[in-house]
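Okay, here's what each chain looks like letter by letter:
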Amino acid sequence: MTSLGARSTCLRHGLGVLICWLALASCSQDKGSNPVQQGWEYDARSGGAATTMDGSVNAFGNASPALSMDERLRFQTGNSFFRNNWVAAPSSTTARDGLGPFFDARSCGSCHTFDGRGRPPAFPGDPASGMVYKLGRAGVDGLLPDDIYGGAMNSFAIPGVEPEGRVEVAYVEEPGNYPDGTVYSLRRPVYKVYGGVYGAVDGATHVLPRIAPQMIGMGLLEAVDQATLQRIAGSQVAPVSGTLRYVPDPIAAHPVVGRFGWKAGQPSVRTQTAAAFVNDIGITNTLHEKEDITSAQWGRLGTLPDGGHPEIDDDMLDAVAFYSATLAVPARRNVDDPAVVRGARNFTAVRCTSCHVPVLTTGSQAVVAAYRNQTIHPFTDLLLHDMGSGLADPIGDGIVGAGEWRTPPLWGLGLIAVVNKHTFLLHDGRARTIEEAILWHDGEAASSRSAFKSLNAAERADLLRFMESL
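Since this is a predicted model, take the numbers as computed values, not measurements.

Novice: For the overall build of the chain, give the residues involved together with the corresponding values.
Specialist: From N to C terminus, the chain includes 14 helices and 15 strands. By the compact-globule yardstick of 23 Å for 470 residues, the chain fits well, its C-alpha radius of gyration being 23 Å. Based on the C-alpha atoms only, the size of the chain along its principal axes is roughly 75 × 55 × 45 Å. Buried residues in the chain amount to 52% of all 470 residues.

Shown next, in the form of structure tokens:
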């Protein structure tokens, strides 16, 4: 595999195109003689044919280079509806009206800044950017919405409508130490929800915070066959025992594997997109014909104008879903750096790869032809795993336990700091660094966390350097 590190070195020293390519050829020959260097550790093309070499602030916003010309035009259409703000109805911009009445963002791009990752509030009163607060209380078959505020506490409202309320977060530091004596501190979030003019939040209702993740590679994950995921689930060895979540699908006549969302609640990019439109922006669509507004709220709101029925038609919804599915995956950096190579081996040795599976192959039926039969490196198994009580929601969701989370893909991890200027990780952004995210692992991942802590300082640094190369 051609080395990106070798490419950048050649260009940096200005040795000229010919010399650079000679060096690359030499490197390639060296790797061919070493079986280890032919492994996934050295493959910079994380997204296969859908890999972009852009490592800049725009790294998450590129079209897959594998798209045809017609597909690129469709990508651009979807990009427009992803980024531009929706407005309250009635408006002269009828294709983009219908915002709210309650919402968390005016566009998809408001949460997924530069197609990247949201961040949590830094202090009480700091507005979140790309973070939503679901609400739920225990029901017989799963979560029930709050009687007054429904399934989420939206932070904003259209002109003339009072916002629902607000959620504030404070952090409690929890110190710890490694076996070698090195100290660390993790911060545990504490949430407090404040209802607005519509009434008090039910005392049994809990806040379930969710950070907007980076958007890259979703179409590739959708293209992995269900049978592949079933084989992975069947091959995992205790204490790791991931499970597939089967959810209703508007196309299939039977439940299918959930792949998207922190709890794997959505089966496809299209259903994930449709749910985000209605829940986060207040835009109805053919999959969700009504906004999340309770009868108690309607009683106070009365009649409000809307943007039509539905407010986004299927052509626009499909364009945004296509855009979301075909964002390219940034290439890894520094794959030949000895510290990165050592870190990859440590990553495997402590069994991070049990859940963060480094190699998947897409199936032969992907909607985008260029996404078929691709070898990709998302570092996920798309399965639900029990991550322990420390990361658990206050309440479970039916068959999905409070502490169960879908393994998040790690591709693009090292570029979040470049694109979004922060490194807040996990479902609620509590981890300030990759290291803190590892230290929060528990449950099925407790043995991997312990193995990571048992590494010496240099070995831990190598592992983190590898993860920064993703």
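Novice: I'd love a proper account of the pairing of strand 8 (residues 206-211), names of residues and values included.
Specialist: Among the 6 residues in strand 8, 5 count as buried, and that is most of the element. Strand direction decides the pairing type here: strand 3 (residues 131-138) and strand 8, joined by 6 bridges, are antiparallel. Across the sheet, the residue bridging to Gly 136 is His 206, located in strand 8.

Novice: With reference to specific residues and values, describe the UniProt feature "domain: Cytochrome c" (unreviewed entry) in the chain.
Specialist: Per the UniProt annotation, the sites labelled "domain: Cytochrome c" (unreviewed entry) are residues 338-470. Each end of residues 338-470 is marked by a C-alpha atom, and these two atoms are 15 Å apart; helix forms 34% of the span and strand 8%.

Novice: Please give an account of the pattern of salt bridges that cites residues and values.
Specialist: In total, this model carries 17 salt bridges according to the counting rule given. Each of the salt bridges in this network shares a partner with another, and the network as a whole consists of Glu 173, Arg 432 and Glu 436.

Novice: Would you mind going over the nonpolar core in detail, with residue names and values included?
Specialist: Counting residues in hydrophobic clusters, the biggest one holds 100 residues, and the most contacted among them are Phe 277, Phe 347, Phe 466 and Met 467. Top element by residues in this core is helix 9 (residues 314-325). It accounts for 7 residues. Those residues in contact with Phe 347, other than ones at most four positions away along the chain, are Trp 40, Cys 352, Thr 353, His 356, Phe 379, Leu 410, Leu 463, Phe 466 and Met 467.

Calculation criteria
- Residues numbered from 1 in each chain as written.
- Predicted model: local features only at pLDDT ≥ 70, side-chain atom pairs only at ≥ 80, totals over all residues.
- Heavy atoms only, no water.
- Helix = DSSP H or I, 4+ residues; strand = E, 2+ residues; numbered from the N terminus.
- Rg over C-alpha atoms; globule rule 2.2 N^0.38 Å.
- Buried < 20%, exposed > 50% of the residue type's maximum accessible area, 1.4 Å probe, protein only.
- Pairing = 2+ DSSP bridges.
- UniProt positions renumbered as here; feature names shortened; annotations may be inferred.
- Salt bridge = Lys/Arg side-chain N within 4 Å of Asp/Glu carboxyl O.
- Core = buried A, V, L, I, M, F, W, Y, C linked by side-chain atoms within 4.5 Å.
- Contact = heavy atoms within 4.5 Å.

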